[in-house]
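# Report on the structure
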Amino acid sequence: MYTLKKEERLCNKKLIDKLFHNGSSFLCYPFKASWMFADAAQPFPVQVLFSVSKKRFKRAVDRNRIKRISREAYRLNKQACLYDRLNSAEKKITISIAYIGKELPEYQFSEKKMVKLLKQLCAEAAV
RNA sequence: UAUGCAGAACGUUCUAUCGCUGUCCACCAAUAUGGUGGGCGGAGGAAAGUCCGGGCAACACAGAGCAUCCUGCUUCCUAACGGGAAGGCGCCGGCAGCCGGCGACAGCAAGUGCCACAGAAAAUAAACCGUCCGGCAGUAAUGACGGAUAAGGGUGAAAACGUGAGGUAAGAGCUCACGGCUUUUCCGGGCGACCGGGAUUGCGGUAAACCUCAGGAGUUGAAAAACCAAAUAGGUCCCGGAAGUGAGGCUGCUCGUUUCCGUAUUGUCCGUCACCGUGCGGAUGGUCGCCGGGAUGGGUAGGUUGCUUGAACCUGUUGGCAACAACAGGGCCAGAUCAAUGAUAGAAGCCGCCCGCCUUCCGGCGGACGGUACAAAACCCGGCUUACAGGUUUGCAGCUGCA
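First, a word on what this report is: a plain description of the structure on this page.

Conventions we followed
Residues numbered from 1 in each chain as written. Chains lettered and ligands numbered in written order. Predicted model: local features only at pLDDT ≥ 70, side-chain atom pairs only at ≥ 80, totals over all residues. Heavy atoms only, no water. Buried < 20%, exposed > 50% of the residue type's maximum accessible area, 1.4 Å probe, protein only. Helix = DSSP H or I, 4+ residues; strand = E, 2+ residues; numbered from the N terminus. Pairing = 2+ DSSP bridges. Near = heavy atom within 4 Å. Polar contact = N/O pair within 3.5 Å; in protein donor to acceptor, adjacent residues only side chain to side chain. Nonpolar A, V, L, I, M, F, W, Y, C, P; charged D, E, K, R; others polar. Axes fitted to C-alpha atoms, helices over the stretch in contact; angles between N-to-C directions. Contact = heavy atoms within 4.5 Å. Core = buried A, V, L, I, M, F, W, Y, C linked by side-chain atoms within 4.5 Å.

Once that is clear, we can look at the pairing of strand 2 (residues 31–37). Most of strand 2 sits inside the fold, with 5 of its 7 residues counted as buried. The pairing of strand 1 (residues 24–28) with strand 2 spans 5 bridges and is classified as antiparallel. Bridge pairing in strand 2 places cysteine 28 opposite phenylalanine 31. Counted between consecutive antiparallel strands, the loop separating strand 1 from strand 2 contains 2 residues. Judged from the 7 bridges that link them, strand 2 and strand 4 (residues 93–99) form a sheet pairing that is antiparallel. Residue pairing for strand 4: serine 34 is matched across the bridge by serine 96.

What surrounds RNA strand B is a group of 22 residues, the closest being Arg59, Asn64, Arg65, Arg68 and Arg75. The contact atoms of RNA strand B, taken as those within 4 Å of the protein, divide so that sugar and phosphate hold 78%. Here a phosphate oxygen of RNA strand B and a side-chain polar atom of arginine 59 are 2.5 Å apart. The contact in question runs from a sugar or linking oxygen of RNA strand B to an N or O atom on the side chain of arginine 75, over 2.8 Å. For the surface near RNA strand B, the element with the most residues is helix 2 (residues 60–89), which contributes 9 residues. For the surface near RNA strand B, the residue count by class is 9 nonpolar, 3 polar and 10 charged.

Moving on to the sheet that holds strand 1. Pairing in this open sheet of 4 strands is mixed, and the strands run 1-2-4-3 from one edge to the other. Here the strands that pair on one side only, and so sit at the sheet edges, are strand 1 and strand 3 (46–52). The average undirected angle you get between the axes of adjacent strands in this sheet is 20°. Pairing analysis gives 7 bridges linking strand 3 to strand 4, with the strands arranged parallel. The residue of strand 4 that forms the bridge with glutamine 47 is threonine 94. In this fold helix 3 (residues 107–124) packs onto strand 1, strand 2, strand 3 and strand 4, with an angle of close to 145° to the strand it touches most, strand 1.

Below, the discussion takes up the pairing of strand 4. Most of strand 4 sits out of view: 7 of its 7 residues are buried. The alternating pattern of strand 4 places Ile93, Ile95, Ile97 and Tyr99 on one face and Thr94, Ser96 and Ala98 on the opposite face, and all of these are buried.

For the rest of this paragraph, the subject is the nonpolar core. In terms of nonpolar packing, the biggest core is built from 28 residues, with Val46, Tyr74, Leu82, Ile97, Met114 and Leu117 touching the most fellow members. Going through the elements one at a time, strand 1, strand 2, strand 3, helix 2, strand 4 and helix 3 are the ones with two or more residues in this core. Setting aside residues up to four positions removed in sequence, isoleucine 97 forms contacts with Phe31, Lys32, Val48, Leu49, Phe50, Ser51, Tyr74, Met114 and Leu117. Membership of the second largest hydrophobic core comes to 5 residues, among which are Leu10, Ile16, Met36 and Leu49.

Right under this line is the structure:
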């Protein structure tokens, strides 16, 4: 399934604070992922958050563009790379994906790196 | 025609696949509500900067003064404005008129301060060169000394109003004529800024220097504000149990009572300070303390409202030089909240450049390559400012007279 509804996005302020304080993180240039295991209460196996720093990209147009490209790359690949393996392991996680590159990305490049990141995440979570 | 400057309106479109968000409808399960399918809507001229002005909301608020900040030609428009329109004045386009552009454009004749460098001197005037007079020295040229002088020289952004004449030893608004600005005042025109004329007073600049005058300003800002409200902890109230002791009773159990302690709480009485008591000290009585359950109000996460029907927009008529106003008709056009309005692929349009063909030229057709900007709503309006690929369009870069 290629959906990305509100229940699949990370919207809770407390969870976000908790994630950045307690979560473990790794780098997969140009992305940086922070993740942790979540409660069983959430309806989807993953809650995700995309961020772009205002310091690197001053214009809102650029930040929106990067977030949209990252989101599309995640949306189209999450089922194959992440959901199936998490469901079979019966684990649930929250994750934030930050863009730390310095230039506007191309879609194909982002998709390639996103797949790599999701696979690395599975390995980290030891699924 | 091209180029530049200023203004106005515009500022990409279509298809496929996969999504996001709001809303409506149908069906399914149904307590809330959830699921599936379909229809319709979904960024801008600046949404930006957050520089002004309002609406709205909460809090504050007797009146006056001072301080601080803002504004500063006039009249009008407007909900309001530091915005706009029409005018006045000054400067610029050699000069005058038209025309166009620019102007924080109240007051330096209320007071105080400042005026770099250069220059003798930058504001109670002043004597560097020069000019003139006097006596002295010298044959003379001239020299030093004492005095008069702001006309000339040179310096500067600016040199004590400009030009001419009189006047004088030489000079000086010292006097006069004409002219410029200015004070007070009169006459005429204009709603007014101001303009024209007469009399009168004077003559460095600077207020984006302090300041003076006039007018204005309560603070905060949708993370405002109102409402609903899970879990956990704690507050209050109610109920039950537990601890010690005594009596009845074989025990369970039932009934009565409460030693000591306390930064706890409350009542009454007494004392104390000059008085008062809600202060302080003492005496005495009641309640509470540990555990469980229930109720309740405050309130957090979260949610709803605020939240998009509006000083709005479009079309037309009328009034007005215009800004704008009035009236009539029309439709409803984003509402997200760690923040949607997209991603990918293809095609078209527009522009530039190159190649080929056609054409007297303007240009037309086909193909390749490149470009397609600036920029993302965050409560809502009115402005201002700044950014901008590309075309469209209006005005100006001037006209007349004099030199």
